[in-house]
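Each chain, letter by letter, is given below.
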Amino acid sequence: MKTYLITGGAGFIGSNFIHYIMKKYDDIFVINLDKLTYAGNLNNLKDIEDNKNYVFVKGDITDGKLVDSIFQKYDIDYVINFAAESHVDRSIENPMEFIRTNIEGTFVLLEAAKKAWLKGEKWEEGKKFLQVSTDEVYGSLGETGYFSEFTPLDPRSPYSSSKASADLLVKSYFETYQMPINITRCSNNYGPYQFPEKLIPLMINNCLSGKDLPVYGDGRNIRDWIYVEDHARAIDLVVNKGQIGQVYNIGGGNERTNIDIVKTIINALRDLLSDDDIRKERISEDKIKYVKDRKGHDRRYAIDSTKIKNELGWRAMTSFGEGIEFTVKWYLENSQWLDEVTSGAYEDYYKKMYIDR
Ligand code: NAD
Ligand code: TDX
């Protein structure tokens, strides 16, 4: 029976990961520690809230007392740190929370795990701290090349710099104290429960509500898209089988320009909506508007996933066609979820970022 402390489990990837492991294992116990920021949503976990192997704790990962008390109450085996401020545009506007949560929060978790797991000179058996990181720590690529685990860190936004800082802290706990850690660096995720500030759900929501489709710069920036469940499967493999101290890159092998993504969403929605649905005729490429570019906009990300493929037998199993169809359907079938997260504060965010921009 493994006990997991999952931080940020009410967010997009964290909630998908909790669904994945709760379905896969019935001999685990999960503690989900989440501050419930704008990005955290307990509706993402409605179906498991009464599960006896799951408990939710509302709290901040920078709160050392609270984190220590969780380690005292439960015999934690795995810490999987998803909690973060995760949106690049917000980090450009207001970096402070990124420094606090992403750097200080990771430090607090490392210290608490060290206090609980290090007995004299020896680490307790079977423990692991997994830091969920991102390909953005490697910076930006030109037209060719891939990020490998040996690519030097070269983060370029406050978000990616805060994630790189956290990665270095985690690495230092391995090098200095031999703490059992892994770091995973994944490419752009998409799928159910993603907050509509990120490209794919924002475009789906804007199509459905008849808004313009704001494409930054020339729309030719490239991201490598991975379906969120493929990421969850990779994290599960790394936490259970990854070599201690190692970094694993995780990529979808699916590079697309942003403009291609937007057009794919338009087509997927038009295919799925019936002809008598009044939203359908509003969804067209005429709605695409090229807007002012993101500051310091990274041009291209591409991941070399050879290491995780060879060492752990992982590969992305969901084709982009399948993944995007499933995702678009999910947003159509969960319009209440979308309505709830796009009311109130979201409207102010949208106005500030897109209307007053
Ligand atoms: P998200 O923004 O959807 O969710 C973040 C979660 O963390 C939310 O539930 C939020 O309430 C919680 N949180 C924020 N600050 C907290 C704090 N101080 N204490 C406790 N909880 C806090 O993010 P996501 O897209 O699910 O990303 C999860 C992790 O994966 C992040 O660490 C991110 O850097 C990393 N990552 C994301 C992607 C991607 O494409 N989304 C790709 C690679 C890596
Ligand atoms: O309205 C938009 N228009 C647009 O052209 C938005 C929101 C984005 N974009 C562009 C910017 C990027 O080139 O689309 C691309 C993807 O943007 P985001 O969805 O904001 O993702 P990105 O900046 O690539 O970062 C994501 O992937 C790595 C996640 O948000 C990070 O948490 C993760 O670490």
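Note: the structure precedes this text.
Here we summarise the structure given alongside this text.

Cut-offs and rules
Residues numbered from 1 in each chain as written. Chains lettered and ligands numbered in written order. Predicted model: local features only at pLDDT ≥ 70, side-chain atom pairs only at ≥ 80, totals over all residues. Buried ≥ 20, exposed ≤ 12 C-beta atoms within 10 Å, placed from the backbone. Helix = DSSP H or I, 4+ residues; strand = E, 2+ residues; numbered from the N terminus. Pairing = 2+ DSSP bridges. Right-handed = clockwise from strand over helix to strand, strands pointing away. Axes fitted to C-alpha atoms, helices over the stretch in contact; angles between N-to-C directions. Near = placed C-beta within 6 Å. Nonpolar A, V, L, I, M, F, W, Y, C, P; charged D, E, K, R; others polar.

**Considering the pairing of strand β7 (residues 128-134)**
Next, step 1: Taken across its seven residues, β7 has seven buried, putting it largely inside the fold.
Next, step 2: Pairing analysis gives four bridges linking strand β4 (residues 78-81) to β7, with the strands arranged parallel. Counterpart to asparagine 81 in the pairing with β7 is glutamine 131.
Next, step 3: Inspection of the sheet shows β7 paired to strand β8 (residues 181-186) by six bridges, in the parallel sense. Its bridge partner lying in β8, leucine 130 is registered against asparagine 182.
Next, step 4: Crossover handedness for the path β7 to helix α5 (residues 158-177) to β8: right-handed.

**With respect to the sheet that holds strand β13 (residues 255-257)**
Next, step 1: On the basis of which strands lie adjacent, the open sheet formed by three strands has the order β9-β11-β13 and mixed pairing. The sheet terminates laterally at β9 (188-190) and β13, the two strands that pair on one side only. Neighbouring strand axes in the sheet, compared pairwise and without regard to direction, differ in orientation by 50° on average.

**Thoughts on the site of ligand 1**
Next, step 1: Around ligand 1, 30 residues are found, and the nearest of them are Gly8, Gly11, Ala39, Gly40 and Ala84.
Next, step 2: Taken together, the elements giving at least two residues each to the shell around ligand 1 come down to α1 (12-24), α4 (96-117), β7 and β9.
Next, step 3: Broken down by element, the residue count for the shell around ligand 1 peaks at three residues, all from α1.
Next, step 4: Residues that form the shell around ligand 1 fall into these classes: twelve nonpolar, 13 polar and five charged.

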